[in-house]
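Geometric and topological summary
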Amino acid sequence: MTQKDQKPKILVAREIFPDLLAQLEQVADVQSNQDDLIWSAEDLKAAMADKDAAIVTGGERIDADIIAASPNLKIVSNIAVGYNNFDMPAFKARQVMATNTPDVLTETTADFGFTLLMATARRLTESEHWLRAGQWKKFSICDTPLAMDIHHSTLGIMGMGRIGQAIARRALGFGMKVRYYNRSRLSPELEKECGATYVDRETLLKESDHIILVMPYTPENHHLFGEKELNMMKPTATVVNIARGGIVDELALAKALKEKKIFAAGIDVFEGEPTVRPELLALDNIVLAPHIASATEKTRRAMIELAIKNCLTGLAGKTPPNLLS
Ligand code: 8YV
């Protein structure tokens, strides 16, 4: 058996920073995808078939079929905190480890949540398009895209995990009243630190000036935010989604925005991404971003480093720092 054969076989399903790939190649027999080719489920299955481990992103669905076709598979390491791309019962059934990358992206993602919230409420992209279209012809008080205030408004956070809490802390600096809804209530100490008050879903929907969705995507909250929820919102309110596209009924959202039932939306995640519905693209009162909440170089590097650490720790027979199952 050659030295190469003794190294674990690892698939890295997406392009990663070359220096990090080179480090991994020192200790593993790596199949990479540095051209970032779009693989079909069949391509992914074929690439994983002889691997001991795989490092993937939220774009790769790891299901029972792929796990069954990869007899040596011991661990799949996600370069993401969300892991709705993993069929967890299938991992459990075959005793394959699954890991994610929490913590390292919390602050960067919360920054972006706030960026999108502000851009949405202040009609930033719409204003820029207006300027670029040559519509800025005079110094005007009223004939300019008029927006909604952030400071001292009421923010409703749906999903109060690490990222939701980091958003709440930022909101305090803007003098916002922070309300949250979560499956479980925070401890009184944490509520105090975040300056956040627990309310039921209906109160949050009815009383918030701005709503931000930060909860994990599970089968239970598929299209959780639809026509009924949008109808409960104030006509002056905004909604921002940095969680997962499938949480929002996008057609209901497009209709509500078109009919001005709510003021505006900011969307970083889409149900069929990277495809974005034409109904959303056609609207002015929406700020659209290509799933970039964690996308700073520093954070993406930290996510990849943690994913590699999880993977190698699992392969060494130890418990990875971010073991999910
Ligand atoms: C990822 C994310 O960049 O961490 C998550 O859950 O949504 C993003 O930070 C994306 O999923 C790619 O893996």
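Residues numbered from 1 in each chain as written. Predicted model: local features only at pLDDT ≥ 70, side-chain atom pairs only at ≥ 80, totals over all residues. Heavy atoms only, no water.

1. Let's talk about the pairing of strand β9 (residues 210-213)
As a reminder of what qualifies: Exposed residues in this analysis have more than 50% of their type's maximum accessible area, buried residues have under 20%, and partly exposed residues fall in between, with area computed by a 1.4 Å probe over protein chains only. Numbering of helices and strands runs from the N terminus; a helix is a DSSP stretch of H or I covering at least four residues, while a strand is a stretch of E covering at least two. By the convention used here, strands pair only if DSSP detects at least 2 bridges between them. With its strands directed away from the observer, a crossover is right-handed exactly when the path from the first strand over the helix to the second travels clockwise.
Of the two faces of β9, the one lined by His210 and Ile212 and the one lined by Ile211 and Leu213 are each fully buried. Pairing geometry for strand β6 (residues 154-158) and β9, over 4 bridges, is parallel. Residue pairing across strands places isoleucine 157 opposite isoleucine 212, the latter belonging to β9. This β-α-β element, β9 to helix α11 (residues 227-232) to strand β10 (residues 238-241), shows right-handed connectivity.

2. Let's talk about the pairing of β10
Of the two faces of β10, the one carrying Thr238 and Val240 and the one carrying Val239 and Asn241 are both buried. Pairing analysis gives 4 bridges linking β9 to β10, with the strands arranged parallel. When the sheet's bridge partners are listed, isoleucine 211 is paired in β10 with valine 239. Examined bridge by bridge, β10 and strand β11 (residues 264-267) share 4 bridges and lie parallel to one another. The residue bridging asparagine 241 from the neighbouring strand is isoleucine 267, located in β11. Once the chain exits β10 it traverses helix α12 (residues 250-258) before rejoining the sheet at β11, and the crossover so formed is right-handed.

3. Looking at the pattern of salt bridges
Where charged atoms from two side chains of opposite charge come close, those side chains can pair. Note the cut-off: Whenever Lys or Arg places a side-chain nitrogen within 4 Å of a carboxyl oxygen from Asp or Glu, that contact is recorded as a salt bridge.
In this structure the tally under the stated criterion is 22 salt bridges. Among the ionic pairs, aspartate 143 bridges to lysine 138, the shortest N-O distance being 2.8 Å. Accessibility expressed as a relative area gives 43% for aspartate 143, which makes it partly exposed. Residue lysine 138 is classed as partly exposed on the basis of its relative accessible area, which comes to 48%. A salt bridge links glutamate 193 to arginine 169; its shortest N-O distance comes to 2.8 Å. Residue glutamate 193 is found in helix α9 (residues 188-194), and its partner arginine 169 is found in helix α8 (residues 162-173); the two are separated by 24 residues along the sequence. Among the ionic contacts, a cluster of salt bridges with common partners joins Arg14, Asp36 and Glu60.

4. Here we look at the site of the ligand
Heads up, the rule is: Throughout, the term near means that a residue has one or more heavy atoms lying within 4 Å of the molecule or strand in question. By the criterion applied in these results, polar contacts are pairs of N or O atoms within 3.5 Å in which, for protein atoms, one can donate a hydrogen and the other can accept it, and in which residues neighboring in sequence qualify only through two side-chain atoms. Only the protein chains shown count as covering a residue, and every accessible area follows the Shrake-Rupley method with a 1.4 Å probe. Charged residues are taken to be Asp, Glu, Lys and Arg, nonpolar residues to be Ala, Val, Leu, Ile, Met, Phe, Trp, Tyr, Cys and Pro, and polar residues to be all remaining types, Gly included.
Near the ligand the following residues occur: Thr57, Gly58, Ile79, Ala80, Val81, Gly82, Leu105, Arg244, His291, Ser294, Arg300 and Met303. At 2.9 Å, a backbone N or O of isoleucine 79 approaches an oxygen atom of the ligand. A distance of 2.8 Å is found between an oxygen atom of the ligand and a backbone nitrogen or oxygen belonging to glycine 82. Contact with the protein chains removes 85% of the 330 Å² of surface that the ligand exposes when unbound. Across the shell around the ligand, the residue classes tally to 5 nonpolar, 5 polar and 2 charged.

5. Examining the domain arrangement of the protein
How we decide: For the domains described, the bounds stem from an automatic or database domain assignment. The contact criterion used is simple: two residues touch if any of their non-hydrogen atoms lie within 4.5 Å. Reported buried area values correspond to the accessible surface (1.4 Å probe) lost by two parts on association, with both partners' losses combined.
Domains assigned within the protein are domain 1 (3-104 + 297-315) and domain 2 (106-288). The distance between the C-alpha centroids of domain 1 and domain 2 comes to 32 Å. Facing 7 residues of domain 1, the contacting portion of domain 2 comprises 6 residues. Counting the surface lost from both domain 1 and domain 2, the interface buries some 550 Å², and carbon and sulfur atoms represent 41% of this. The three residues of domain 1 that bury the most area against domain 2 are Asn84, Asp103 and Thr299, which together make up 67% of that side's buried surface.

6. Considering empty space enclosed by the protein
The cut-off we apply is this: Cavities and pockets are found on a 1 Å grid laid over the protein atoms alone: a cavity is a set of points where a 1.4 Å probe fits but cannot escape, a pocket is an open set with protein on both sides within 12 Å along at least five of seven lines, and a lining residue has an atom within 4 Å of such a point. Grid points are joined across faces, edges and corners, and a volume is the space filled by probe spheres set on the points.
Inspection of the entire model under this criterion finds 1 cavity of 30 Å³ or more. Looking at the largest cavity, its volume works out to about 30 Å³. Every residue along the wall of the largest cavity is listed here: Ala119, Thr120, Arg123, Glu126, Ala264, Asp284, Asn285, Ile286 and Val287. Elements represented by at least two residues in the lining of the largest cavity include exactly α6 (106-121) and β12 (286-288).

7. Here's the deal with the nonpolar core
Test applied: We define a nonpolar core as any set of buried Ala, Val, Leu, Ile, Met, Phe, Trp, Tyr and Cys residues linked to one another through side-chain atoms lying within 4.5 Å.
Formed by 48 residues in total, the largest nonpolar core has its most connected members in Ile55, Ile157, Ile167 and Ile242. Breaking this core down by element, the ones donating at least two residues are β1 (9-12), α2 (18-27), β3 (53-56), α6, β6, α8, β7 (177-181) and α14 (297-315). Two domains each donate at least three residues to this core, and these are domain 1 (3-104 + 297-315) and domain 2 (106-288). Excluding anything up to four places from it in sequence, isoleucine 55 contacts Ile10, Leu11, Val12, Ala13, Leu24, Ser77, Ile79, Ala307, Ile308 and Cys311. Counting residues in each nonpolar core, the second largest holds 27 residues, with Met158, Met215, Met233 and Ala243 among its members.

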